[in-house]
Amino acid sequence: MIDVLFSSLGQLFTVPHMLYMVIGVLIGLIVGIIPGLGGIAGMSLLLPFLYGMEPSVALGMLMGLVAVIPTGDTFASVLLGIPGSSASQATVVDGFALAKKGQAARALSSAFLSSMIGGLIGALVLTAFILIARPVVLSFSSSELFMLTLLGLSMVAVLSGKDVFKGIAACGAGLLVGTIGMAPATGEFRLPFEIDYLYDGLPLVVVGLGIFALPEIIDLLVKRGAIAEQPCQLGKGWKEGVKDVAKRPGLVARCAGIGSLMGTIPGLAGSVVDWLTYGHAVQSAKDKSQFGKGDIRGVIAPESANNACACGAMVPTLLFGIPGSGTAAVFLGGLLLLGLQPGVSMLETNLDLTYTIIWSLALANILGAALCLGLARPVASLTRVPFVILAPLITILILFAAYQATRSLGDLFALGIIGAIGVLFKQANWSRPAFLIGFVLAPGAEAYFYQAAQFQGAEAFMRPGVLVIGALIAASLLLPPLRRSLRNHLQKRRQSEESAAHPLQEEVAPLSLGVIDVALLGSLLAGAAYMWWAFADLSMLGGIMPRLAIAIIVAACVLEIVRTVIKPMKWQTQTLSQQLPWVAGFFALIGGVMMLGFLFAAAIFCLGFLLVVARMKPVAAVGLAAGVTLFLMGMANLLTLTYPTGMLASL
Amino acid sequence: MATLKNTPLKTFKKALLVVACSTLGAISVNAQADDVNVPDTIRWTIPFGVGGGTDVWARFFTTWMSDHIQGNPTLVIDNVPGGGSINGSNLFAMRADSDGSQWIGTSASTQYPAMLQDRRVRYSYDDWTPILATPTGGVVYAQPGLGDSAEEVLNAVTNQRVKFAVQSHTGLELPVLIALDLLGADVQAVSGMRSRGEGRLAFERGEADIDFQTTSAYFSSVEPLVESGRAVPLFSLGVLNDSGEIVRDPAFPDLPTFNEVYETLHGEAPSGPAAEAYRKFFASGFTLQKLILLPNDAPQALIQEYREAAQRFLDTEAFKDAAMAQLGPYTPVVGEVVEQHLQEAMSLDDATRQWLVEWLLEQHGARI
């Protein structure tokens, strides 16, 4: 075994292997940096060349690509607040907040370093684990998978802090939106408004972009200025970021460990792992006050996990022929094209190739992170550019990214609608991650619950694995409040011993309520009522999940209302008047795309925005608009894309 | 390192080529055809995602087709996933040009909704004409806990409820569900698996009692289980021979077909609406599982040229070697033979459909 390990390592350092791997890494980085494109787009660029290639060389190229995508997409998450791919959604929360504080370089260098270390740990774990992984993977039955989705959902409580009911309501809304599409148990369709686009449910990319990116763009436009609100020191930040990681080896190692383990479990994909580790970082931190406002730990945790997760995802792919993630699914196709059948026999007949894959992963992680670290400083200076200039480019970029989801106009409308919800959430300070977590986990929670009940009946919930995860959930929900009340208790005693005269200070800030809160509570209740009516003729099995989500929304909203009625609260002014025109403008842009076609509308929009809103010099504006158009045309050629041509063209 | 045929310099050039091509997109080769006007580029819609079974199948065929069609057109694969292949097929039906420059590659999950008259389907196989079809086979197997031999297992499943993890009740597993029903098995189908592989995983975890895999997955993932005594093969679905009879699968010559098992148990061939439904869905989902089609108002000469191109490589040793790994020991079918079989397979009469709708609702609580 050891000799196979080293002969694969020797193979790795041959010229053809290195060369193709570098190609893979470069394509992976480019594809990773462009939002909306991910492993799937990268793979489809490489697949045409695969047939007939030497397997070990081809695998090096594919792994180069797979390994660096979770590295490259950090740029968009941190600098622009656009979740580059589903694996880096949690990075947005604190990464972008840091960029706004002028610490983009710090966030980026931390992220890349933790990506690199996470990836290496992942590869290391994989080396040993792949030989014994079979029984471990098989021990996760549908009931354990269901419990893991619950563990993911319990992070909502961790992330929403004192506004726990708003967090739960947001999560319930996410769950409800996540149930749109086909019911896994009965094959019935749950389509509000009978819209065909919703047959497959809303795509995760669109929801992620809508809930995070669009509100940030609008917010920055309202505020004017650059992304970095405070002066940024790129050089110093870069070194600081490296130090940040070096100071927290435990966090990096734990998150990488969680990442590689979650990756090995087929069906849970990378989309929960970033939230789980983010939640872990919050829970394990003493001072939680800066999370969401720019805590570097909120960047380190998900970034160490997502590269490790990409390594872990190779376990089910190679051992069972079942992809652990979307990218792994395409990688599986690549293996088949090379004439390799993944499965039980892969380890026996192709152990050398298996190790080539693992070592390529490790090496590509180092290469990718090193390249990104080098790029971090110059690219971070983007945050100093006045945002009005970036805004049209980013807007087109997220439209392009959303359109990649299903390549239909529906993607753009969904983006606009989710974006509008995101703007409301952001203005009223409702937890957007909670919404996203609910959305991501709804299908898994439903399908695994149904399967567990069908396969195992009541026994499903007595299994040891289920009990262990259940205990974990209970601990994560109950320990923090217990610890807090204990601390309060001790403090009170100490205070009463020291000076009985001091009145106890209320440490919790008074609750606040604003007009958007009221509007959100009202429309959530109304929406829930509509969905209840729209899903009325679903069968028991097909309708249980959406009804549960509706119940969660209603309960949380009612509790929030009760709380604001009985507890003292402060009326807070929340305004939307500045945001509304921009939201309307965004929908006007989508209308323009419908009328004129994507390319034409994009060109006119960029030019117009740069001239009128940003007041750029005509030459520069034309240059930028032409650049955007050329980029879109190049992408269309590369990815065999057909953009919407517009109604005017068909007349 | 001794195995590497390429010198570093050659490799470098090849690598550069990969980069060049992947940045410039497809480079079309222009060539003059003798008699038919072959387009430079053929856009091949695959209504499935990149890397899926049908995508890999199509990518395998692109090289062979491109090399053997006059003028060597470039084949560009356009993946349009969604709705389990319905979205992409709808779009193709709506948009495709009929100049022969657009193909579509479909699979069982495109055929089945059309046969079941799914309300989302806006395409019709009557509008399309096939160039080539590739068959596949499959095997049903069970947990050894149900019995040591196929007979014992088949006996056991009539007496106790067995669980079967399926993607959906109307997916590729539909004929298998009907077959098991015909054999008198009491099957509880647990749906919601995202792939056949996930179903196998549920079997390996011991959650499912009975499972089914197509030929290639069976060889790579189930045979090792059978060898180590963790699965018992029950029967294969068989293959259709030229005269339309179901015979033993060349991939599994020692395994009886479903029809054989049924005849041993009941002393006669299966009949009635269930048998009819089984036959149709078996034909459209397995005998003609994956199809290359184009709009049937494309120029006749061009359709002919494509079919002849396929004929030109099907019998070569090089293709047979390559196909063994990708398609299994099955020979693709070309041209008019496919057309006849396809029409026959896709036409489900109202009585059979009605039976199916009721059966799905009663047995499995699934609504179409």
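Residues numbered from 1 in each chain as written. Chains lettered and ligands numbered in written order. Predicted model: local features only at pLDDT ≥ 70, side-chain atom pairs only at ≥ 80, totals over all residues.

### Examining the overall build of chain B
The helix and strand inventory of chain B stands at 14 helices and 13 strands. The principal-axis extents of the C-alpha atoms in chain B amount to approximately 65 × 55 × 35 Å. The proportion of buried residues among the 368 residues of chain B is 51%. Contacts in chain B between residues at least 24 apart in sequence constitute 76% of all its contacts with a sequence separation of at least 6. (Helix = DSSP H or I, 4+ residues; strand = E, 2+ residues; numbered from the N terminus. Buried ≥ 20, exposed ≤ 12 C-beta atoms within 10 Å, placed from the backbone. Contact = placed C-beta atoms within 7 Å.)

### Some remarks on helix α4 (residues 55-72) of chain A
With 18 residues, α4 of chain A extends 26 Å between its outermost C-alpha atoms, agreeing within 8% with the 26 Å of an ideal straight helix rising 1.5 Å per residue. α4 of chain A sits mainly inside the fold: 17 of its 18 residues count as buried. (Expected span 1.5 Å × (residues − 1).)

### What to know about the pairing of strand β6 (residues 161-165) of chain B
Residue and element names in this part refer to chain B. Along β6, 4 of the 5 residues are buried, which leaves the element largely enclosed by surrounding structure. Pairing analysis gives 5 bridges linking β6 to strand β7 (residues 186-190), with the strands arranged parallel. Paired with R161 across the two strands is D186, which belongs to β7. Running through helix α6 (residues 174-182), the crossover from β6 to the neighbouring parallel element β7 is right-handed. (Pairing = 2+ DSSP bridges. Right-handed = clockwise from strand over helix to strand, strands pointing away.)

### Thoughts on the domain arrangement of chain A
Interface size is often expressed as the accessible area that is lost when the parts come together. All names here are of chain A. Domain boundaries assigned for chain A yield domain 1 (2-224 + 238-489 + 511-572) and domain 2 (597-650). Relative to domain 2, the C-alpha centre of domain 1 lies at a distance of 31 Å. Between domain 1 and domain 2, the residue contacts involve 10 residues of the former and 13 residues of the latter. Top contributing element to the side of domain 1 that touches domain 2 by residue count: helix α19 (residues 387-406), with 7 residues. The residue makeup of the side of domain 1 that touches domain 2, split by class, is 10 nonpolar, no polar and no charged. (Domains from an automatic or database assignment. Nonpolar A, V, L, I, M, F, W, Y, C, P; charged D, E, K, R; others polar.)

### Some words on the interface of chain B and chain A
The interface of chain B with chain A comprises 50 residues on the first partner and 54 residues on the second. Contributing elements (two or more residues each) for the side of chain B that touches chain A: α1 (8-24), α2 (53-68), β2 (74-79), β7, α7 (196-204) and α8 (215-227) of chain B. When residues in the side of chain B that touches chain A are grouped by element, the largest group, 7 residues, is from α1 of chain B. Class assignment for the residues of the side of chain B that touches chain A results in 18 nonpolar, 22 polar and 10 charged.

### Here's the deal with the pairing of strand β9 (residues 232-236) of chain B
Residues and elements named next belong to chain B. Across the 5 residues that make up β9, a large majority, 5, are buried. Judged from the 4 bridges that link them, strand β5 (residues 138-142) and β9 form a sheet pairing that is antiparallel. Considered in β9, the bridge of A142 is made with V232.

### Quick look at the packing of helix α23 (residues 515-534) of chain A against helix α24 (residues 540-566) of chain A
Residue and element names in this part refer to chain A. Running from amino to carboxyl end, α23 crosses α24 at an angle of 155 degrees, the nearest separation of the two axes being 10 Å. Taken as axis vectors, α23 and α24 run roughly antiparallel relative to one another. Note on packing geometry: the crossing formed by α23 with α24 is left-handed. Residue-level contacts link L521, L524, L525, A528, M531 and W532 of α23 to P546, I550, I553, V554, C557, E560 and I561 of α24. Split into classes, the residues belonging to the contact of α23 with α24 amount to 12 nonpolar, no polar and 1 charged. (Axes fitted to C-alpha atoms, helices over the stretch in contact; angles between N-to-C directions. Parallel < 35°, antiparallel > 145°, perpendicular 65-115°, else oblique. Left-handed = near helix turned anticlockwise from the far one by under 90°.)

### Things to note about the sheet that holds strand β13 (residues 333-334) of chain B
All names here are of chain B. Taken in spatial order, the 6 strands line up as β2-β1-β3-β12-β4-β13 in an open sheet, and their pairing is mixed. The open sheet has two free edges, formed respectively by β2 and β13, since each of these has just one partner strand. The sheet contact formed by strand β1 (residues 41-46) and strand β3 (residues 102-106) spans 3 bridges and is parallel. From the neighbouring strand, W44 faces β3, where its bridge partner is W103. In the packing of helix α13 (residues 336-346) onto the sheet, contacts are made with β4 (128-134) and β13, and the angle to β4 comes to roughly 100 degrees.

### Regarding the environment of D274 of chain A
Residues and elements named next belong to chain A. By the secondary structure assignment, D274 is in helix α13 (residues 273-284). Residues D274 and E303 lie 29 residues apart in sequence; the distance between their C-alpha atoms is 7.5 Å. Those residues in contact with D274 that sit more than four places away from it in its chain are A87, S88, Q89, A90, T91, P302, A305 and N306.

### A few points about the nonpolar core
Residues and elements named next belong to chain A. Counting 338 residues, the largest nonpolar core has L209, A402 and I553 as the members making the most contacts within it. For this core, the element with the highest residue contribution is helix α7 (residues 104-139), accounting for 17 residues. Sequence-distant contacts of L209, that is, excluding residues within four places in its chain, are made with I82, P83, L214, I398, A401, A402 and L415. (Core = buried A, V, L, I, M, F, W, Y, C linked by C-beta atoms within 7 Å.)

### Focus: α23 of chain A
Residues and elements named next belong to chain A. Over its 20 residues, α23 extends 28 Å from the first C-alpha to the last, a length consistent with the 28 Å expected when each residue adds 1.5 Å. What α23 keeps buried is the set I516, D517, L520, L521, L524, A528 and M531. Angular distribution of buried residues about the axis of α23 spans 140 degrees; they occupy a single face of the element. With respect to the buried face of α23, the exposed residues turned more than 90 degrees away are G522, A526 and W533. (Arc of directions from axis to C-beta.)

### Things to note about the domain arrangement of chain B
Residue and element names in this part refer to chain B. By the assigned domains, chain B splits into domain 1 (37-135 + 288-346) and domain 2 (138-284). Look at where the C-alpha atoms of domain 1 and domain 2 centre, and you get two points 27 Å apart. Across the contact, 13 residues belong to domain 1 and 13 residues belong to domain 2. Of all the secondary structure elements, the ones that give two or more residues to the side of domain 1 that touches domain 2 are α4 (108-115) and α13. In the side of domain 1 that touches domain 2, the residues fall into 9 nonpolar, 4 polar and no charged.

### Quick look at the confidence of the model for chain B
Residue and element names in this part refer to chain B. Taken as a whole, chain B shows an average pLDDT of 88; of its residues, 90% reach a score of 70 or greater. Note that pLDDT drops below 50 for residues 1-6; the model gives that stretch 6 contacts with residues more than four away or on any other chain. Two summary scores accompany this predicted model of the complex, namely pTM at 0.86 and ipTM at 0.83. (pLDDT = per-residue confidence, 0-100.)

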